[in-house]
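# Examination of the molecular architecture
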Amino acid sequence: MKNVLFIGFVWPEPTTTAAGGRIMQLINFFKQQQYKVTFASTAAKSIYSVNFKEIDVLEEQIVLNSTSFDDFITELNPDIVVFDRFLTEEQFGWRVAQNIPNAIRILDTEDLHFLRKARELAFKNGTIQVSESDLKSQEITKREIASIYRCDFSLLISMYEEKLLKETFKIDSNLLLCLPFMLEDYTATNLPQFKDRQDFVCIGNGKHKPNIDAVLWLHKEIWPLVHKALPNANLHIYGAYLPQQITEKHNPKTGFLVHGWGEDVNQIMQQAKVNLAPLRFGAGIKGKLIDAMYNGTPNVTTKIGAEGMHGNLPWNGEIKDTVANLVAAAVDLYTNETKWLQAQKNGEEILKTYYAKSNLETELSNKISTLQKDLEKHRNTNFIGSLLQHHSMTSTKYLSKWIAEKEKNK
């Protein structure tokens, strides 16, 4: 049986983060391809961590900066290793390359961390504009790009991010595969209609800074104006790990209702008439917006929110960036059934065009098959990748080895 090893920075939490759901989609893909799947991580589990035993996936608790990983991976001898972000590739990629050099190394970027970081810094400085110089001057950019080069190919969640890497950083397309969320072939059936829905919803994990900023922006500037126009409407805030600065904003008198973690995102979305996601920074594509489309709920979001998600197709709702425009769009979609139905239809078309599981799985399968036929040829065309594997460039490798030796001598 073929073997695939996932190395995770954290254990997947598909009910709290889009990243957790994404990893589970990849795991299910390999299971369908008849791979034996093992997931390994140095992290501790949480109450939201997936139970791998229920889906016949092996678990392994691994240790950072320890030669025990070398023994583990040599014995497992996987055909493919998937890193869940560049940090895990930095920590374990050199050990994988050293002990099982013939294994295909895949980096799942989740979203581009350097882009997210640059936008966060720009936002703190009072702007949403990020220049090419801003991106290239960051240390995290150099680290993440180096990780992309060291792997045989990288999975990108966003069409925008694929374009950025190709055009701004001149990375060869053979090293990249745009693979957004892989959804079951979409059919909109038995969804609640316009007249059967009420209220607004906003969902976001409390550990993610753009989500916290969005909720605070809603509370301070956007929701008071929406509620003034629609006094009978409420805004329901959902998300795991919400901090006190969010939970203390709960106020039934103003219709601002903070619920915390919601177990069934589909039920939550189907009850709501409009999803609000005023994101002012961040990267990747947004699971909350996909969830809304899948459940027939129009989205009101920003350019950052909708970035890389809908290609040339019309958005399933409104894309606005100012308070006044966001408020007007939210009220209009909530009260105008004709616009609401068109937005719902737009969402269906986006899902069918860009997120069909059957099409995306075929692309991933073909990419892996091509590499398996001639991995050496593929690597020979990636000279920069081989350069970055050279001992003079691998500072993290020797730092790790030094730490391991230090621990031995305690």
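Keep in mind the model is a prediction, meaning the values are calculated, not measured.

## Structural notes on the overall build of the chain
Along the chain, the regular secondary structure elements total 18 helices and 13 strands. Relative to its length of 410 residues, the chain is compact, with a C-alpha radius of gyration of 22 Å against a globular reference of 22 Å. Taking all 410 residues of the chain together, the buried fraction comes to 55%. Summarising the internal contacts of the chain: among those between residues at least 6 apart in sequence, 72% fall at separations of at least 24. Averaging the locations of the 47 positively and 48 negatively charged side chains of the chain gives two centres separated by 4 Å.

## Here's the deal with the environment of Pro-78
When you line up the elements, Pro-78 lands in the loop between helix H2 (68-76) and strand E4 (80-83). The spatial distance from the C-alpha of Pro-78 to the C-alpha of Leu-64 is 19 Å, given a sequence separation of 14 residues. In this structure, Pro-78 is in contact with Asn-3, Val-4, Leu-5, Ile-73, Ile-100 and Ala-103, ignoring residues within four places of it in sequence.

## Digging into the sheet that holds strand E10 (residues 256-260)
Spatial strand order, E10-E9-E8-E11-E12-E13: 6 strands in an open sheet with parallel pairing. The open sheet terminates on both sides in strands that have one partner only, identified here as E10 and strand E13 (317-319). The mean angle between the axes of side-by-side strands here comes to 20°, regardless of whether they run parallel or antiparallel. Where strand E11 (residues 274-277) meets strand E12 (residues 299-301), 3 bridges bridge the pair, whose relative direction is parallel. Counterpart to Asn-275 in the pairing with E12 is Asn-299. Contacting strand E8 (200-203), E11 and E12, helix H11 (residues 287-294) crosses the sheet at an angle of about 170° to E11. Strands in contact with helix H13 (residues 323-335) are E8, E11, E12 and E13; relative to E12, the strand with the most contacts, it is inclined by about 175°.

## With respect to the pattern of salt bridges
Taken as a whole and judged by the stated rule, the model has 19 salt bridges. Lys-249 is the salt-bridge partner of Glu-248, the closest N and O atoms lying 3.8 Å from each other. Where Asp-332 meets Lys-339, a salt bridge forms, and the shortest distance between an N and an O atom there is 2.6 Å. The network of salt bridges with common partners includes Asp-84, Arg-85 and Glu-110.

## Description of the packing of aromatic side chains
We describe a pair of aromatic rings using the distance from one ring centre to the other and the angle between the two ring planes. With the rule as written, the count across this model stands at 16 aromatic pairs. With centroids separated by 4.7 Å and ring planes inclined at 45°, the aromatic side chains of Phe-69 and Phe-92 adopt a geometry described as tilted. Here Phe-92 lies in helix H3 (residues 86-99) and Phe-69 lies in helix H2, a separation of 23 residues in the sequence. The exposure classification of Phe-69 matches that of Phe-92, with both residues buried.

## Remarks on the environment of Val-226
Along the chain, the position of Val-226 falls in helix H8 (residues 209-229). Beyond its immediate stretch of four places on either side in the chain, Val-226 contacts Phe-200, Val-327, Ala-330 and Val-331.

## Quick notes on H11
A large share of H11 lies buried, amounting to 6 of its 8 residues. Regarding H11, the residues found buried are Gly-287, Lys-288, Leu-289, Ile-290, Ala-292 and Met-293.

What counts, and where the lines are drawn
Residues numbered from 1 in each chain as written. Predicted model: local features only at pLDDT ≥ 70, side-chain atom pairs only at ≥ 80, totals over all residues. Heavy atoms only, no water. Helix = DSSP H or I, 4+ residues; strand = E, 2+ residues; numbered from the N terminus. Rg over C-alpha atoms; globule rule 2.2 N^0.38 Å. Buried < 20%, exposed > 50% of the residue type's maximum accessible area, 1.4 Å probe, protein only. Contact = heavy atoms within 4.5 Å. Lys, Arg positive; Asp, Glu negative; His and termini not counted. Charge placed at Lys NZ, Arg CZ, Asp CG, Glu CD. Pairing = 2+ DSSP bridges. Axes fitted to C-alpha atoms, helices over the stretch in contact; angles between N-to-C directions. Salt bridge = Lys/Arg side-chain N within 4 Å of Asp/Glu carboxyl O. Phe/Tyr/Trp six-rings, centres within 6.5 Å; stacked < 30°, edge-to-face > 60°.

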